[in-house]
Amino acid sequence: MIEVKNKKKYFPTLIKSTLLMLSGFILVLIFQQSFSWLVLILLLTIELILISTKFTQSISIKSTKIVIIYFRFLIKSRLEIQKSEVEFKLKKSASLRSPAYLILEILKKNKKVYQVDSRDGFEEEDLNLIKSSINTNL
């Protein structure tokens, strides 16, 4: 069994981003009170987007199953996939705003079931380990 855990923790990461946005709101409120409602609506929209995004906590590869534990809308969920039914694809991606990073896609019949990004707390070695363990244990 192989288990890879995220280096980041869900609730501390969410609280940190919320406090950062809240401090920005307070600064806007101090300097420009006329935009306070607009900034508050923007703050709540961004917070909703952050909460709705899947946050992968761990990926476990057992003898016949792949178990993914993730958070979405503050709720911890578990996704189990049969190991024989999936294929892993590791892609390298880059943008102008960030350096190159890896994306591990879990595909079932050529449709994406789940995606893990190395920018979200998983290291490239972890993603390579997951991909290689699937390929060697088939």
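All of the points below concern the structure found in this document. Computed from a predicted model, the values in this text were never measured in an experiment.

Quick word on the packing of aromatic side chains
All told, the structure shown has five aromatic pairs when counted by the stated rule. Pairing Y10 with F71 gives two aromatic rings, centres 4.5 Å apart and planes at 5°, and the pair type is stacked. With Y10 in helix α1 (residues 10–31) and F71 in strand β3 (residues 65–72), this pair connects stretches of sequence that are 61 residues apart. Of the two residues, Y10 and F71, both sit in the buried class.

Side note on the sheet that holds strand β5 (residues 87–93)
Read across the open sheet, the three strands follow the order β5-β6-β7; overall the sheet is antiparallel. Of all strands in the sheet, those bounded by a partner on one side alone are β5 and β7 (111–117). Each strand of the sheet is rotated relative to its neighbour by a mean of 25°, with strand direction disregarded. Summarising the sheet, strand β6 (residues 101–108) and β7 pair through six bridges and their orientation is antiparallel. Paired with I106 across the bridge in β7 is Y114.

Regarding the pairing of strand β2 (residues 55–61)
Burial analysis of β2 places six of its seven residues in the buried class, which makes it a mostly covered element. Across six bridges, β2 lies against β3 in antiparallel orientation. The residue bridging S60 from the neighbouring strand is V67, located in β3.

Describing the nonpolar core
I68, F88, I106, V116 and I130 are the most contacted members of the largest nonpolar core, which totals 17 residues. Elements supplying a minimum of two residues to this core: β2, β3, β6, β7 and α3 (124–136). Non-local contacts of I130, meaning those with residues more than four positions away in its chain, are made with V4, I59, I61, F88 and L104. Within the second largest apolar cluster, five residues are counted, among which are Y10, L14, I51 and F55.

Notes on the pattern of salt bridges
Within this structure, the stated rule accounts for seven salt bridges. When the shortest N-O distance is used, the salt bridge between D126 and K7 registers 3.1 Å. You can see D126 sitting in helix α3 and its partner K7 sitting in the loop between β1 (2–5) and α1, a full 119 residues away along the chain. One salt bridge in this structure joins E85 and K108, with 3.1 Å as the shortest N-O distance. With E85 in the loop between β4 (75–82) and β5 and K108 in strand β6, this pair connects stretches of sequence that are 23 residues apart. Given a relative accessible area of 34%, K108 falls into the partly exposed group. The network of salt bridges with shared partners includes K65, R78 and E80.

Topic: the environment of V113
Tracing the chain through its elements places V113 in strand β7. Since its relative accessible area comes to 31%, V113 is described here as partly exposed. When the C-alpha positions of V113 and T64 are compared, they lie 17 Å apart, and in sequence the two are 49 residues distant. Beyond its immediate sequence surroundings of up to four residues, V113 is in contact with L79, I81, I106, L107 and K108.

Quick notes on the rules
- Residues numbered from 1 in each chain as written.
- Predicted model: local features only at pLDDT ≥ 70, side-chain atom pairs only at ≥ 80, totals over all residues.
- Heavy atoms only, no water.
- Phe/Tyr/Trp six-rings, centres within 6.5 Å; stacked < 30°, edge-to-face > 60°.
- Helix = DSSP H or I, 4+ residues; strand = E, 2+ residues; numbered from the N terminus.
- Buried < 20%, exposed > 50% of the residue type's maximum accessible area, 1.4 Å probe, protein only.
- Pairing = 2+ DSSP bridges.
- Axes fitted to C-alpha atoms, helices over the stretch in contact; angles between N-to-C directions.
- Core = buried A, V, L, I, M, F, W, Y, C linked by side-chain atoms within 4.5 Å.
- Contact = heavy atoms within 4.5 Å.
- Salt bridge = Lys/Arg side-chain N within 4 Å of Asp/Glu carboxyl O.

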